[in-house]
Amino acid sequence: MGYRAVIFDLGGVVFDSPLHAIARFEAKNEIPDGFVNRLVVSNGRGGAWARLERGELGIPAFCEAFDRESLEAGQELDSTAMMAAIAEASQVRPVMVSAIAAIRSKGLGVAALTNNWVNDEPVEESQAHNVRPLFDVFVESAVLGLRKPDPRIYQHTCSELDVSPSDAVFLDDIGRNLKAARELGMHTIKVDEPETALRELAGVLGFDLGLN
């Protein structure tokens, strides 16, 4: 099948993984492995993390709320320090930048679709601002007020690209986000190791992405 667009998550795909940063934070602070992810999932749409990613909370209010949720779940946690650790680890992966350029050179549309939050730092200093020119379409949960895996955010991204979901390939590092995309008809690729995922993507697209 000839796909017309590729949609990239940012954290864990174009950037280094925030999940890895959280895991290191948990280990360093003697927090049970996977505690943060379990808390985010169990609190669902009404939890502090979901509200942060929909743009309903800024960082200070989120940290206060997430600290409280953590205590209610039986674990003390410094959310301010955790968010600083995530920010410090959010470095761009050059191999992804090269692949995005290769895809655009073939005339395919390229979008970023990220669950993110509003930062206190100046916009021009943010990682999202720095990579925005790489993409034809840039969809941020905190701006749109929707977050993955809500089907509407995928549909919005495809609409902005002027493609149907079945015309698109979607890369993410979180299974539940990929599942929602597949249910809409997208071809999905889970990103664990960037190079492995890009080799799979090259096979799906049928052209070289400049990998060694």
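Here, the structure is the one placed above.
Draft legend 1. Highlighting the sheet that holds strand β3 (residues 137-140). Read from one edge of the open sheet, five strands run β3-β2-β1-β4-β5, paired in parallel fashion. A single partner strand is all that each edge strand has here, and the edge strands are β3 and β5 (187-190). Taking each pair of neighbouring strands and ignoring which way they run, the sheet shows an average axis angle of 20°. Here strand β4 (residues 168-172) runs beside β5; their pairing, made up of four bridges, is parallel. Directly across from leucine 171, in β5, lies its bridge partner isoleucine 189. Most of the contacts of helix α6 (residues 94-105) go to strand β1 (residues 5-8), to which it runs at about 160°, and overall it touches β1 and β2 (109-114).

Draft legend 2. Expanded view of the packing of aromatic side chains. Tallied over the entire structure, the rule returns seven aromatic pairs. Counting every residue linked through ring pairs, the aromatic cluster contains Trp49, Phe62, Phe66 and Trp117.

Draft legend 3. Structural detail: the nonpolar core. Judged by nonpolar contacts, the single largest core of 30 residues is most densely connected at Phe8, Ile103, Phe135 and Leu201. Elements that contribute at least two residues to this core include exactly β1, α6, β2, α7 (127-131), β4 and α11 (194-205). Beyond its immediate sequence surroundings of up to four residues, leucine 201 is in contact with Val6, Phe8, Ile103, Val169, Leu171, Ile189 and Leu209. In terms of nonpolar packing, the next biggest core, distinct from the first, is built from 23 residues, Ala21, Ile31, Val36 and Ala48 among them.

Draft legend 4. Broad picture of the pattern of salt bridges. For the coordinates displayed, the defined rule picks out eleven salt bridges. A salt bridge links aspartate 172 to lysine 148; its shortest N-O distance comes to 2.8 Å. Within this pair, whereas aspartate 172 is found in strand β4, its partner lysine 148 is found in the loop between α8 (141-144) and α9 (151-161), the two being separated by 24 residues in sequence. For aspartate 172, a relative accessible area of 0% puts it in the buried group.

Draft legend 5. Summary view of the side chain of glutamate 26. Tracing the backbone shows glutamate 26 in helix α1 (residues 18-28). It turns out glutamate 26 is buried and unbridged, and the closest side chain with the opposite charge, arginine 38, is 6.5 Å from it. With residues near it in sequence (within four places) discarded, glutamate 26 still touches Ile31, Pro32, Asp33, Gly34, Phe35 and Val36.

Draft legend 6. Seen up close, the environment of isoleucine 31. You can see isoleucine 31 is positioned in the loop between α1 and α2 (35-43). Leave out the neighbours within four places in its chain, and isoleucine 31 touches Phe25, Glu26, Gln75, Glu76 and Leu77.

Draft legend 7. Molecular detail of unusual backbone geometry. Here lysine 148 and proline 149 are connected by a cis peptide whose omega angle stands at 10°. You can see proline 149 is positioned in the loop between α8 and α9. Its identity is not glycine, yet glutamate 30 carries a phi of approximately 55°, on the positive side. With respect to the secondary-structure elements, glutamate 30 resides in the loop between α1 and α2. The residue aspartate 162 is not glycine, and still its phi comes out positive at about 60°.

Draft legend 8. Spotlight on the packing of α6 against α11. It is at 10 Å that the axes of α6 and α11 come closest, and there the two elements cross at 10°. On the basis of the axis angle, α6 is roughly parallel to α11. On α11, the residues that touch Val95, Met96, Ala99 and Ile103 of α6 are Pro194, Glu195, Leu198, Leu201 and Leu205. For the contact of α6 with α11, the class distribution of residues is eight nonpolar, no polar and one charged.

How each quantity is defined
- Residues numbered from 1 in each chain as written.
- Predicted model: local features only at pLDDT ≥ 70, side-chain atom pairs only at ≥ 80, totals over all residues.
- Heavy atoms only, no water.
- Pairing = 2+ DSSP bridges.
- Helix = DSSP H or I, 4+ residues; strand = E, 2+ residues; numbered from the N terminus.
- Axes fitted to C-alpha atoms, helices over the stretch in contact; angles between N-to-C directions.
- Contact = heavy atoms within 4.5 Å.
- Phe/Tyr/Trp six-rings, centres within 6.5 Å; stacked < 30°, edge-to-face > 60°.
- Core = buried A, V, L, I, M, F, W, Y, C linked by side-chain atoms within 4.5 Å.
- Buried < 20%, exposed > 50% of the residue type's maximum accessible area, 1.4 Å probe, protein only.
- Salt bridge = Lys/Arg side-chain N within 4 Å of Asp/Glu carboxyl O.
- Lys, Arg positive; Asp, Glu negative; His and termini not counted.
- Parallel < 35°, antiparallel > 145°, perpendicular 65-115°, else oblique.
- Nonpolar A, V, L, I, M, F, W, Y, C, P; charged D, E, K, R; others polar.

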